[in-house]
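This is what each chain is made of:
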Amino acid sequence: MLDTLGTMTSHKNTQTMKPATAAKKLGVYLEATPAEFQEGVVSRTELNTLQTDPPEWLQELRRNGPHPRPVVAAKLGVSIAGLARGGVTEPLTTEQIDALKAQAPEWLEQERANLAEVRKEAVRIKEKNAQRSA
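Position numbers for residues count from 1 along each chain, tracking the sequence in the order it is written. For this predicted model, a pLDDT threshold of at least 70 governs which residues receive local features, and a threshold of 80 or more governs which side-chain atom pairs are given and counted, while totals over whole chains, interfaces and linings are taken from all residues. Hydrogens and water molecules were not included; the side-chain quantities draw on all heavy atoms of the structure.

## Quick word on the pattern of salt bridges
Part 1: Any carboxyl oxygen of Asp or Glu that lies within 4 Å of a side-chain nitrogen of Lys or Arg is treated as forming a salt bridge with it. Going through the model one piece at a time under the given rule, you end up with 6 salt bridges.
Part 2: Note that Arg63 is salt-bridged to Glu56, the shortest N-O span being 3.4 Å.
Part 3: For each residue, the accessible area found with a 1.4 Å probe, counting protein chains only, is set against the maximum for its type, and the residue is called buried under 20%, exposed over 50%, and partly exposed in between. Given the relative accessible area of 43%, Arg63 is considered partly exposed.
Part 4: Salt bridges sharing partners connect three or more residues here, namely Glu56, Glu60 and Arg63.

## Structural notes on the environment of Val78
Part 1: In this structure, Val78 sits in the loop between helix H6 (69-76) and helix H7 (80-85).
Part 2: When its relative accessible area of 5% is taken as the criterion, Val78 is described as buried.
Part 3: Separated by 37 residues in the primary sequence, Val78 and Leu115 place their C-alpha atoms 6.0 Å from one another.
Part 4: Pairs of residues are marked as contacts when any of their non-hydrogen atoms sit within 4.5 Å. Beyond its immediate chain neighbours, meaning those up to four positions away, Val78 contacts Ala73, Leu83, Leu108, Glu111, Arg112 and Leu115. A helix here means a DSSP run of H or I that spans at least four residues, while a strand means a run of E at least two residues long, and both kinds are numbered starting from the N terminus.

## So, the confidence of the model for the chain
Part 1: Note on scores: pLDDT gives the predictor's confidence for each residue, bounded by 0 and 100. A residue-level look at the chain finds 90% of positions with pLDDT of 70 or above and a mean pLDDT of 87.
Part 2: Summarising per-element confidence for the chain, the mean pLDDT is lowest in helix H1 (residues 2-7) (49) and highest in helix H8 (residues 94-103) (94).
Part 3: Here residues 4-10 is modelled with pLDDT under 50, and outside its nearest four sequence neighbours on either side it reaches 0 contacts, counting other chains as well.

## Details of the packing of aromatic side chains
Part 1: Only the six-membered ring of Trp is used, alongside the rings of Phe and Tyr, when aromatic pairs are assigned; centres must lie within 6.5 Å, and planes under 30 degrees apart are stacked while those over 60 apart are edge-to-face, with the rest tilted. Within the structure shown, the criterion is met by 1 aromatic pair.
Part 2: Note on Phe37 and Trp57: the rings are 5.4 Å apart at their centroids and 55° apart in plane angle, and the pair reads as tilted. Placement of the pair is Phe37 in helix H3 (residues 35-39) and Trp57 in helix H5 (residues 56-64), with a sequence separation of 20 residues.
Part 3: Judged by relative accessible area, which is 25%, Trp57 ranks as partly exposed.

## Quick notes on the nonpolar core
Part 1: Definition used in this section: a nonpolar core is a set of buried Ala, Val, Leu, Ile, Met, Phe, Trp, Tyr and Cys residues joined via side-chain atoms within 4.5 Å. Ranked by size, the top nonpolar core spans 11 residues in total: Met17, Ala22, Ala23, Leu26, Val28, Phe37, Val42, Leu47, Leu50, Leu58 and Leu61.
Part 2: At the level of secondary structure, the elements contributing two or more residues to this core comprise helix H2 (19-26), helix H4 (44-52) and H5.
Part 3: At 3 residues, the largest contribution of residues to this core is made by H2.
Part 4: Apart from residues no more than four positions distant in its own chain, Leu26 is found in contact with Phe37, Leu47, Leu50, Gln51, Leu58 and Arg62.
Part 5: Grouped together as the second largest cluster of nonpolar side chains are 10 residues, Val72, Ala73, Leu76 and Leu92 included.

If you want it as C-alpha cells, here you go:
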C-alpha cells in the first residue's frame, strides 16, 4: 500500500456551488441574474472574481434591484420577519425601497423600533454573560 502512496498525485478539487448559493453570497435576486448564471455552476474562484471585479449586470442588480428579502430588510432597517409582517413578500427594486422609506408607513416604523429593541436586548444579554464569565 505504501508503494501506491508515492505515485498518487495531489488533485485540487474545484469547489463549485449552485447558482442560488452564489446569488445569496453576492446579495442578488437569482431570478434577475442572466440565464447563463442561473443555468451553470459557480466555482469559488469565479465567485471571488464576481465579488472583486463585478461585471456590469451585477453592478446594475446591486444598484437597482430587484433585491432579495435580506437586502430589502437591511435597506429598510427591519428584520426579514418584519418585512413579512408588513406584507412585503416579493423582491423590491431600489426605487420601490426608496418610495417605502419616503412613505414611512406605520408598520415600517414599528418594525424598525422592534429591531432596535431586539438589538438592544442582545447587547444587554451579551454584557450580562460577559460579566458572569469574568
